[in-house]
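# Structure assessment
What follows is each chain in one-letter form.
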Amino acid sequence: EGATFLLNTKVPKELVWDSLPEKVQKDLINKKMKLYIIDAYKVADETGMGVRINTIMQTCFFAISKIFPRDEAIRMIKDSIKKTYGAKGDKIVEMNFNAVDQTLSNLYEVEVPAQVTSKIQLQPAVSGNAPEFVADVTANIIAGFGDDIPVSKMPCDGTFPTATAKWEKRNIALEVPIWDKEICIQCNKCVLVCPHATIRAKVFEEKELVNVPETFKYTKFKAKDYGENLLYSLQVAVEDCTGCGLCVDVCPVKNKKETKLKAINMVEQLPIREQERANWDYFLNLSNLDRTKVNVSKIKDSQFLEPLFEFSGACSGCGETPYVKLVSQLFGDRAVVANATGCSSIYGGNLPTTPWTVDKDGRGPAWSNSLFEDNAEFGFGFRLAIDKHNTHAKQLLEKYRNELGDQLVDGLIKAQQNDEAGIYEQRERVAQLKQRLNSFISNGYSDEAKGEFNHLLSLADYLVKKSVWIMGGDGWAYDIGYGGLDHVLASGKNVNILVLDTEVYSNTGGQMSKSTPRGAVAKFAAAGKPMAKKDLGMMAMSYGTVYVAKVAMGSNDAHTVKVFLEAEAYNGPSLIIAYSHCIAHGIDMGRGMRNQKAAVDSGYWQLYRYNPDLVAKGENPFKLDSKGLKIPLADYAYMETRYKMLTKTHPDHAKKLMDEAQNDVNERWKLYEQLALSGNGKENSKIEKPE
Ligand code: SF4
Ligand code: SF4
Ligand code: SF4
């Protein structure tokens, strides 16, 4: 009773009471509360803060709470701004000061009337179509009533269902992209870069157009790869979109009539929310292309594959999640993911929802999270267990060859599963196997044989090739988990290691890692990191038996897709180091792909592939795929606050570190060029994979 309620709203003060749901009005009256409102996003926009409202909301808190006299509180906030942002430059400090001042003149108290007038009801936490567990458990956690859930409702082994993030409609974007189908060239680049899987493309037949919502958009599909007269649609899930703007930034098409517009453009979310909700639901019900027919090596086509990682709670515009999503698209339900602790474990599996999801058959990637220090070993264990199950299944197939038939047994054992078509055929054989086993179990075999049939039934799915992915950030791969990572690389086993390299412990606290570049500021490197970044790729290449690649989606998306496919196809350990822009870099996240490109253009981030399979063909296994040294390192680095802030606090030291860092770039570039030009790999041809 007597509390104060502060509401951040776009509704003007004279209309705000009528906009509140009945329950909120009741609570305000019965609990004798005070009501204040602010349009924090308007203040942020007008003061150049973009969508950052933390300073504004903090100012409101101190202005209303009267913990300190108002003037003293404002002085303390400004002192704290100076301390926190001083190193980032006077402009940022001034912007924050201005935001504080503007907050005070946009903060209003709204008189709470004596009567409840509203008929508006609070929206349920999840839609009525949600499955039982989501309705009974997830929804209550989302609504803040987690403590009321009886223990009997919780999964007894701690396993939480996947495919639940889609029920949590966060509606956090003020603006969302809207498609201009007339000028779109259907390149699907926007789909590829979306960190939240909230913009998707589909190709479908005209006959699917039944009960089409009035505002649903589609057009003729320009390519003929999947047949004649097909239709194409690009749809945004506006309630899940975070409004980061990355999709708009990468769209290559400008509207010739109005050059500031592209083939997708940001518009206010609220006025189109209802219509786009219906459009999204309709879009989801359209068929997906048959996976076995999709030419996954082309960007455009790869993006017709359904993402099985969607709507994660990663920061808006996150540079890591597009890579994670890509794994889920390319390798689908065959992906088995071991996730190190770090950002990817938090957005990958935080309660109450998980973004890992399933296809229409209820199949999706399997995911589990282990520690910082043992994730590579954790994933290695997946590989060993899968291989063991596969071997045992094959032994049982041989044992019951007569009963099962030569054709089926040979088909299952000798299956080539090098592409989606091969995988599909193996799935069909496994289905046939299960059918036969089930009929044996119900027909007069001995108990011992029935026991083995049941066992084979439980192992049958391991006859379909699995794709083991070991993922995590640089804090895991370069630092805390490096010993295990090295051990797994040396094992020769077929695992794919994806390092989401943000060059700093991101959500974990912003500390420097061994991946942090020279000159960048981070915790424990307040005066700029004095050492060069560890060259993890070069260390892995020294084995000669590891597929190693560095990628940066924002520089070359086709290269990224090629690397993921090659790494997965390589029958041994693979290491992909993926440049991941991050809020910790102090950048405009909506333009993060530009930073990736600049990093590559400067030669700081080389794109390359080292493929040991090429040695056997007499080719150089190392391919340098980027053209570096096109711009000075400083042109890239000073796009980012992590470097720039040192020029304010210690300009001479910043210059010294930048000169040294440029030297690092030049030296490493020379080394990579030499590798790319050297020999034909014959010297390496005797290298055997370790047992
Ligand atoms: S604005 Fe960001 S989250 Fe929304 S669709 Fe575009 S890329 Fe995805
Ligand atoms: S990036 Fe632009 S042109 Fe390409 S599919 Fe998206 S909207 Fe169309
Ligand atoms: S901190 Fe960085 S890596 Fe982590 S979720 Fe945010 S943007 Fe992504």
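A quick note: this is a predicted structure, and the numbers were derived from the prediction, not measured. (Residues numbered from 1 in each chain as written. Chains lettered and ligands numbered in written order. Predicted model: local features only at pLDDT ≥ 70, side-chain atom pairs only at ≥ 80, totals over all residues. Heavy atoms only, no water.)

### Some points on the site of ligand 3
Worth spelling out the cut-off: Any residue with at least one heavy atom within 4 Å of a molecule or strand is counted as near it. For this scheme, ten residues count as nonpolar: Ala, Val, Leu, Ile, Met, Phe, Trp, Tyr, Cys and Pro. Four count as charged, namely Asp, Glu, Lys and Arg, and the remainder, Gly too, count as polar.
Lining the immediate surroundings of ligand 3 are Ala 314, Cys 315, Cys 318, Glu 320, Cys 343, Tyr 347, Thr 502, Ser 506, Asn 507, Cys 582, Ile 583 and Met 589. Broken down by class, the residue content of the shell around ligand 3 amounts to eight nonpolar, three polar and one charged.

### A look at the sheet that holds strand β5 (residues 199–204)
We count it as follows: We treat two strands as partners when DSSP finds at least two bridges between them. Think of it this way: any DSSP run of H or I at least four residues long counts as a helix, any run of E at least two long counts as a strand, and we number them from the N terminus.
The sheet built from three strands is open, its strands ordered β5-β7-β6 with antiparallel pairing. Each edge of the open sheet is held by one strand with a lone partner, namely β5 and β6 (219–220). Across two bridges, β6 lies against strand β7 (residues 231–236) in antiparallel orientation. Residue pairing across strands places Lys 220 opposite Leu 231, the latter belonging to β7.

### A closer look at the nonpolar core
Put simply, the test is: Among buried residues, those of type Ala, Val, Leu, Ile, Met, Phe, Trp, Tyr and Cys that are joined through side-chain atoms within 4.5 Å constitute a nonpolar core. Note on exposure labels: buried denotes an accessible area under 20% of the residue type's maximum, exposed denotes more than 50%, and partly exposed covers the range between, all computed with a 1.4 Å probe on protein chains only. Domain extents, as shown, originate in an automatic or database domain assignment. The contact criterion used throughout is that any non-hydrogen atoms of two residues lie within 4.5 Å.
Counting residues in hydrophobic clusters, the biggest one holds 67 residues, and the most contacted among them are Tyr 232, Leu 234, Ile 264, Trp 469, Leu 498 and Phe 564. Element by element, the count of residues in this core is highest for helix α12 (residues 321–331), at six residues. Of the domains in this structure, domain 2 (170–305) and domain 4 (502–686) are the two that each give at least three residues to this core. Setting aside anything within four residues of it in sequence, one finds Trp 469 in contact with Val 327, Phe 331, Ala 335, Val 336, Val 337, Ala 338, Asn 496, Leu 498, Phe 564, Glu 568 and Ile 576. Core analysis: the second largest hydrophobic core is formed by 48 residues, Ala 340, Tyr 604, Tyr 610 and Tyr 672 among them.

### Digging into the site of ligand 1
The immediate surroundings of ligand 1 are formed by Pro 177, Cys 194, Pro 195, His 196, Thr 198, Ile 199, Cys 241, Thr 242, Gly 243, Cys 244, Gly 245 and Cys 247. For the shell around ligand 1, the residue count by class is seven nonpolar, five polar and no charged.

### Let's talk about helix α17 (residues 420–441)
Heads up, the rule is: Here the expected span of a helix is defined as 1.5 Å times the quantity of residues minus one.
The terminal C-alpha atoms of α17, which comprises 22 residues, lie 31 Å apart, in line with the 32 Å expected from a rise of 1.5 Å per residue. Every buried residue of α17 is accounted for by Glu 420, Gly 422, Ile 423, Gln 426, Arg 429, Val 430, Leu 433, Leu 437, Phe 440 and Ile 441. Of the surrounding elements, those touching the buried residues of α17 are α12, α14 (375–399), α15 (401–404), α16 (406–414) and α18 (447–459).

### Quick look at the sheet that holds strand β2 (residues 34–38)
Condition: The angle between two axes is taken between their N-to-C directions and runs from 0 to 180 degrees, where each axis is a line fitted to C-alpha atoms and a helix contributes only its stretch in contact.
Spatially, the three strands line up as an open sheet ordered β1-β2-β3, and their pairing is mixed. The sheet terminates laterally at β1 (4–8) and β3 (108–110), the two strands that pair on one side only. On average, each strand axis in the sheet is tilted by 30 degrees relative to the strand beside it, whichever way the strands run. Against the sheet, helix α4 (residues 54–65) contacts β1 and β2, and its axis sits at roughly 155 degrees relative to β1.

### Points about the packing of α16 against α17
The test is simple: Here the angle decides the label: under 35 degrees means roughly parallel, over 145 means roughly antiparallel, 65 to 115 means roughly perpendicular, and every other value means oblique. Here is the rule for handedness: rotate from the far helix to the near one, and if that takes an anticlockwise turn smaller than a right angle the crossing is left-handed, while a clockwise turn gives right-handed.
The geometry of α16 relative to α17 is characterised by a closest axis approach of 10 Å and an angle of 135 degrees between their N-to-C directions. Classified by the angle their axes make, α16 and α17 are oblique. When you trace α16 past α17, the crossing you get is left-handed. Each of Leu 408, Gly 411 and Leu 412 in α16 lies in contact with α17, whose residues at this interface are Gln 426, Arg 429, Val 430, Gln 432, Leu 433 and Arg 436. Taken together, the residues of the contact of α16 with α17 break down into four nonpolar, three polar and two charged.

### Quick look at helix α20 (residues 482–491)
Note on helix geometry: an α-helix contains 3.6 residues per turn, so any two residues three or four positions apart are oriented the same way. Residues of α20 that are buried include every one of Tyr 482, Gly 484, Leu 485, Val 488, Leu 489 and Ser 491, and no others. If you follow the buried residues of α20, they end up packed against α14, β11 (467–473), α19 (474–480), β12 (496–501), α21 (536–541) and β14 (574–579). One or two steps after α20, the chain reaches Gly 492, where phi turns positive at roughly 80 degrees.

### A short note on the environment of Thr 292
Keep this limit in mind: In protein, a polar contact means a hydrogen-donor-capable atom and an acceptor-capable atom, both N or O and within 3.5 Å, with residues adjacent in sequence counting only if both atoms are side-chain atoms; elsewhere, any N or O pair within 3.5 Å suffices.
Within the fold, Thr 292 resides in the loop between α10 (273–285) and α11 (299–302). The spacing of Thr 292 and Gly 422 is 130 residues in sequence and 8.4 Å in space, taken between C-alpha atoms. There is a polar contact of 2.8 Å between the side chain of Thr 292 and the side chain of Asp 290.

### Describing the pairing of strand β10 (residues 366–369)
Cut-off, in case you're wondering: We call a crossover right-handed when, viewed with both strands directed away from the observer, the connection leading from the first strand over the helix to the second proceeds clockwise.
Sheet analysis places strand β9 (residues 335–339) next to β10, joined by four bridges and oriented parallel. Looking at the pairing, Ala 338 lines up with Ser 368 of β10. Traced from β9 through helix α13 (residues 343–349) to β10, the parallel crossover comes out right-handed.

### What to know about a negative patch on the surface
Put simply, the test is: Within the patch definition used here, like charges are joined within 9 Å and nonpolar side chains (Val, Leu, Ile, Met, Phe, Trp, Tyr) within 5 Å, considering only residues with over 30% relative accessible area and no salt bridge. Only the protein chains shown count as cover for residues, with accessible areas throughout obtained via the Shrake-Rupley method and a probe of 1.4 Å. Throughout this description, the term salt bridge denotes a Lys or Arg side-chain nitrogen within 4 Å of a carboxyl oxygen of Asp or Glu. Charged-residue counts in this description rest on Lys and Arg as positive and Asp and Glu as negative, His and the chain ends being excluded. Think of each charge as sitting on NZ of Lys, CZ of Arg, CG of Asp or CD of Glu.
Residues Asp 45, Glu 46, Glu 175 and Glu 268 make up a contiguous surface patch of negative charge. On the secondary structure map, Asp 45 appears in helix α3 (residues 40–46). Residue Asp 45 is classed as exposed on the basis of its relative accessible area, which comes to 58%.

### Notes on the domain arrangement of the chain
You can read the domains of the chain as domain 1 (4–110), domain 2 (170–305), domain 3 (385–463) and domain 4 (502–686). The distance between the C-alpha centroids of domain 2 and domain 3 comes to 41 Å.

### Some words on the pairing of strand β13 (residues 547–551)
Two faces make up the sheet, and in a regular strand the side chains alternate between them. Among the five residues of β13, five are classified as buried, and the element is accordingly described as predominantly covered. Side chains of β13 alternate between two faces, with Tyr 547, Ala 549 and Val 551 and Val 548 and Lys 550 buried alike. Bridging between β13 and β14 involves five bridges; their strand directions are parallel. By the bridge assignment for β14, Lys 550 is matched with Ile 577. Tracing the backbone out of β13, into helix α22 (residues 557–569) and back to the parallel element β14 gives a crossover that is right-handed. Both β13 and strand β15 (residues 608–610) contribute to a ladder of three bridges, which runs antiparallel.

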